[in-house]
Amino acid sequence: MTSSPNHRPGPTVGRFAPSPTGPLHLGSLVAAVGSYAMTKRSGGLWLLRMEDLDTPRVVPGMADDILRTLEALGFSWDGEIVRQSRRSAAYEAALERLLAAGHVYPCGCSRAEIARAATAPHDGEGELAYPNICRHGLPPGKELRSYRVKVPADPITFHDLVMGEKSFDLARICGDFVVKRADGLFAYQLAVVVDDADQGVTQVVRGADLLSSTPRQILLQRLLDCDTPTYAHLPLVTGPGGAKLSKRDNAVSLVAGLDLAVRGGELLLAALRFLGQEPPSFLAGAPGAEVLAWAAASFDVAKVPTQSSPLHDVR
Ligand code: GLU
């Protein structure tokens, strides 16, 4: 089944949703620039959400560093910042609805049990497809650990504004997936769907590392009767020769000692070129806010490449 994007009246609502598990990095900078430019190009609202849900991975001080870095780069956002750490009641309510409708079930399997029972990883990310052991009730002797959502047998198909037509067979890729974890935390997939719906988000622009999360989120939107936003997944920033960038080499942060008042504009120009845009030469040396104003007026999604590549580093 193909998901048709919503056509709700009113402005485009985009968002940037960093996780404060480290400083902003080149990849998240590209996501911020892309989502800001695409939202503002259509006269929309650009929201900021701090994805501090996974508390064991949150690094103290990073949320603040990310916000101050964005400001120093010249970004400004609309409305209040939403923090996932304060939204447990909304996630709980969604879980209750899914449980009551029979879409979600308690699971008693540990990681080790799943590794023994599952077939080899399918999607190249090392993910094991859960063989749906507890789907029809907790087997005797097992205790509740997590909650999983039932995935359909048919693939989920959607149109991505950058990557084109995409289809994912969730049953094969991941099986029934976790919406509330064994440590009691809500899973990213559920939280994002609830937040995007509650914030009225109509357009999701983010890195292609989250492309395989999109069919999971579309499934949850359908089960929760939420509209499906439009999606644009941006190419990933790699090191030379396609190598994965280390977090350290990658940091774009005030804490990392970067003088954004001086280098911010250049960094944004590099991010825009990485996204296939052709900013005019008179912007060389311009402050970040001016570069962003150009991007908001001129960004063309049709020029964004699909392939990951290195970003010419100007730091
Ligand atoms: N918090 C996620 C990240 O920093 C982004 C989630 C999203 O955009 O949906 O990678």
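The notes below deal with the structure included here. (Residues numbered from 1 in each chain as written. Predicted model: local features only at pLDDT ≥ 70, side-chain atom pairs only at ≥ 80, totals over all residues. Heavy atoms only, no water.)

**Some thoughts on the sheet that holds strand E5 (residues 146-149)**
One open sheet accounts for three strands, arranged E4-E5-E8; its pairing is antiparallel. Looking along the sheet, the strands with just one partner apiece sit at the ends: strand E4 (104-107) and strand E8 (177-180). Across the sheet, the mean angle from the axis of one strand to that of its neighbour is 45°, orientation sign disregarded. Where E4 lies against E5, four bridges are found, and the strand directions are antiparallel. The residue of E5 that forms the bridge with Val104 is Val149. (Pairing = 2+ DSSP bridges. Helix = DSSP H or I, 4+ residues; strand = E, 2+ residues; numbered from the N terminus. Axes fitted to C-alpha atoms, helices over the stretch in contact; angles between N-to-C directions.)

**Digging into the site of the ligand**
Taken together, Arg15, Ala17, Pro18, Ser19, Glu51, Tyr188, Arg206 and Leu210 make up the full set of residues near the ligand. Between the ligand and the protein, one listed contact pairs a nitrogen atom with a backbone N or O atom of Ala17 at 2.7 Å. Take Arg206: an N or O atom from its side chain is 2.7 Å from an oxygen atom of the ligand. For the ligand, whose free accessible area comes to 300 Å², the fraction covered by protein is 79%. Counted by class, the shell around the ligand contains four nonpolar, one polar and three charged residues. (Near = heavy atom within 4 Å. Polar contact = N/O pair within 3.5 Å; in protein donor to acceptor, adjacent residues only side chain to side chain. Areas by Shrake-Rupley, 256 points an atom, 1.4 Å probe, with all protein chains shown as cover. Nonpolar A, V, L, I, M, F, W, Y, C, P; charged D, E, K, R; others polar.)

**Observations concerning the packing of aromatic side chains**
Taken as a whole and judged by the stated rule, the model has seven aromatic pairs. Seen from their ring centres, Tyr36 and Trp46 are 5.1 Å apart, and the 90° between their planes marks the pair as edge-to-face. With Tyr36 in helix H1 (residues 26-41) and Trp46 in strand E2 (residues 45-50), this residue pair connects regions lying 10 residues apart in the sequence. With respect to burial, Tyr36 and Trp46 carry one shared label: buried. Their ring planes at 5° and their centres at 6.1 Å tell us that Phe158 and Phe168 sit as a pair that is stacked. Of this pair, Phe158 sits in strand E6 (residues 156-160) while Phe168 sits in strand E7 (residues 164-168), placing them 10 residues apart in sequence. (Phe/Tyr/Trp six-rings, centres within 6.5 Å; stacked < 30°, edge-to-face > 60°. Buried < 20%, exposed > 50% of the residue type's maximum accessible area, 1.4 Å probe, protein only.)

**Focus: the environment of Leu267**
Mapped onto the fold, Leu267 is located in helix H9 (residues 260-274). Take Leu267: its relative accessible area is 1%, and that puts it in the buried class. Taking the C-alpha atoms as reference points, Leu267 and Pro229, 38 residues apart in sequence, are found 29 Å from one another.

**A closer look at unusual backbone geometry**
A positive phi angle, close to 55°, is found at Asn132, a residue other than glycine. Inspection of the secondary structure assignment puts Asn132 in the loop between helix H4 (111-117) and E5. On the accessibility criterion, Asn132 (24% relative accessible area) is partly exposed.

**Here we look at the side chain of Asp160**
Take Asp160: it is sitting in strand E6. Put simply, Asp160 is tucked away with no salt bridge, and the nearest opposite charge, on Arg206, sits 7.4 Å away. A polar side-chain atom of Asp160 sits 2.9 Å from the main-chain amide nitrogen of Val162. With residues up to four places along the chain from it excluded, the contact list for Asp160 reads Leu211, Tyr231, Ala232 and His233. (Lys, Arg positive; Asp, Glu negative; His and termini not counted. Salt bridge = Lys/Arg side-chain N within 4 Å of Asp/Glu carboxyl O. Contact = heavy atoms within 4.5 Å.)

**Some details on the pairing of E5**
As a general feature of sheets, a regular strand has side chains that alternate between the two faces. Judged by which residues are buried, E5 turns out to be covered on both faces: Ser146 and Arg148 on one side and Tyr147 and Val149 on the other are all buried. Two strands pair when backbone bridges link them, and E5 and E8 are joined in this way by three bridges, in the antiparallel orientation. Residue pairing across strands places Tyr147 opposite Lys180, the latter belonging to E8.

**Notes on the pairing of E7**
Inspection of the sheet shows E6 paired to E7 by five bridges, in the antiparallel sense. Note on E7: the bridge partner recorded for Phe158 is Lys166. The hairpin formed by E6 and E7 contains three residues between the paired strands.

**Focus on H9**
If you check which residues of H9 are buried, you get Leu260, Gly264, Gly265, Leu267, Leu268, Leu269, Ala270, Ala271, Leu272 and Phe274. Summarising the contacts, the buried residues of H9 are in contact with H1, helix H2 (62-73), strand E11 (237-238), helix H10 (288-298) and strand E12 (309-310). At the C-terminal side of H9, Gly276 shows a positive phi close to 80°.

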